[in-house]
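Analysis of the macromolecular model
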Amino acid sequence: NFDFVEWLLSEFSDFDIHYDSEYIFRCVCKDSNLVTAQWLWHNIPDIDVHVMNDQILYDACTSNNMEMAEFLASISSNYNVNSEKGRIVVDVCRNNYVEKLKWLHATFTDLNMRIGLEWPVVAVCENGNLEMAKWMNANCRDINFSVNNEEPFKIVCRRNDLEFAKWMQGCGKSINIHVNN
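Residues numbered from 1 in each chain as written. Predicted model: local features only at pLDDT ≥ 70, side-chain atom pairs only at ≥ 80, totals over all residues. Heavy atoms only, no water.

1. Examining the pattern of salt bridges
Evaluation of the coordinates by the stated rule reveals four salt bridges. Arg94 is paired through a salt bridge with Asp91; the nearest N and O atoms lie 2.5 Å apart. Placement of both Arg94 and Asp91 in helix H6 (residues 83–94) is noted, with a separation of three residues, approximately one turn of the helix. Owing to a relative accessible area of 41%, Arg94 belongs among the partly exposed residues under this scheme. Taking relative accessible area as the criterion, Asp91 reaches 14% and is therefore assigned buried. Here Arg158 makes a salt bridge to Glu151, at a shortest N to O gap of 3.1 Å. For Arg158, a relative accessible area of 55% puts it in the exposed group. (Salt bridge = Lys/Arg side-chain N within 4 Å of Asp/Glu carboxyl O. Helix = DSSP H or I, 4+ residues; strand = E, 2+ residues; numbered from the N terminus. Buried < 20%, exposed > 50% of the residue type's maximum accessible area, 1.4 Å probe, protein only.)

2. Remarks on the side chain of Glu118
One can find Glu118 in the loop between helix H7 (98–107) and helix H8 (119–127). Its relative accessible area of 2% is what places Glu118 among the buried residues. In this structure the side chain of Glu118 is engaged in a polar contact, spanning 3.5 Å, whose partner is the backbone nitrogen of Asn144. Apart from the residues lying within four places of it in its own chain, the contact partners of Glu118 are Met113, Ile143, Asn144 and Val147. (Polar contact = N/O pair within 3.5 Å; in protein donor to acceptor, adjacent residues only side chain to side chain. Contact = heavy atoms within 4.5 Å.)

3. Observations regarding the layout of surface pockets
Considering only enclosed or pocket space, the largest pocket measures out at about 210 Å³ in volume. Around the largest pocket, the lining residues are His105, Phe108, Thr109, Leu111, Asn112, Met113, Arg114, Asn139, Cys140, Arg141 and Asp142. Looking at the lining of the largest pocket, its residues break down into four nonpolar, four polar and three charged. (1 Å grid on protein atoms, 1.4 Å probe; cavity = no way out; pocket = protein on both sides within 12 Å on 5 of 7 lines; lining within 4 Å. Points joined across faces, edges and corners; volume = space filled by probe spheres on them. Nonpolar A, V, L, I, M, F, W, Y, C, P; charged D, E, K, R; others polar.)

4. Focus on the packing of helix H2 (residues 19–30) against helix H5 (residues 66–75)
Interhelical geometry of H2 versus H5 gives an angle of 140° and a closest axis separation of 10 Å. Here H2 lies oblique to H5, going by the angle between them. Residues Phe25, Val28 and Cys29 of H2 lie in contact with H5, whose contacting residues are Met68, Phe71 and Leu72. In terms of residue class, the contact of H2 with H5 is made up of six nonpolar, no polar and no charged. (Axes fitted to C-alpha atoms, helices over the stretch in contact; angles between N-to-C directions. Parallel < 35°, antiparallel > 145°, perpendicular 65-115°, else oblique.)

5. Looking at the side chain of Thr62
Locating Thr62 in the fold gives a position in helix H4 (residues 51–62). Within the local environment of Thr62, its side chain forms a polar contact with the backbone oxygen of Tyr58, the two atoms lying 2.8 Å apart. Those residues in contact with Thr62 that lie beyond four places of it in its chain are Asp91, Asn95 and Tyr97.

6. Considerations on the packing of aromatic side chains
The full count for this structure, using the stated rule, is six aromatic pairs. Taking 5.9 Å as the distance between ring centres and 35° as the angle between the ring planes, the aromatic pair formed by Phe4 and Trp7 counts as tilted. Separated by three residues within a single helix, Phe4 and Trp7 lie in helix H1 (residues 2–11), roughly one turn from each other. Given a relative accessible area of 46%, Phe4 falls into the partly exposed group. Judged by its relative accessible area of 42%, Trp7 falls in the partly exposed class. On the basis of an interplanar angle of 75° and a centroid distance of 6.0 Å, the ring pair of Phe164 and Trp167 is categorised as edge-to-face. Of the two residues, Phe164 and Trp167 are both situated in helix H11 (residues 162–170); the distance of three residues between them amounts to about one turn of the helix. Note on accessibility: Phe164 and Trp167 belong to one class, buried. Members of the aromatic cluster, joined through ring pairs, are Phe4, Trp7 and Phe12. (Phe/Tyr/Trp six-rings, centres within 6.5 Å; stacked < 30°, edge-to-face > 60°.)

7. Notes on the environment of Val124
By the secondary structure assignment, Val124 is in helix H8. Each C-alpha atom, one on Val124 and one on Tyr97, is 10 Å from the other, the two residues being 27 residues apart in sequence. Residues within four places of Val124 in sequence aside, it is in contact with Cys93, Asn129, Met132, Ala133, Met136 and Phe164.

This is the structure:
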């Protein structure tokens, strides 16, 4: 918490706040302590918010901490949201964070929704999040719900999700039910 960090810095003048890839700042952000994160950012020179392939932003997004993610985006625009095979967007989809996905899409114009074999689509289908699928279909250019031999449709069918399957079939996506026969 803020009092502890402030005490640590005042009592130990040789304490390296940047130790272990910005461990203190990473923990403060991961624990959703926005006040302390803002204090550290404004009072400690040279904090690297991009350590460990933008782990700090990843943690804020995948814990659905919108305020922390917005703060981090306000202090740097150089995040590589497509690093590590797009794990930020894939895990946001996997966790069903619809509003966070919309925010990422609006904030980071280089966001790649077609990472790998459409992993964000696969994650949405695995979770049965029809709202997110509809949003992706309407807002993400060239999104492919038929990737990898109709894998998203197969996932929806294995889940027995009739509403999702009907939507996929009816939204103009060409589904080949005879694939792999």
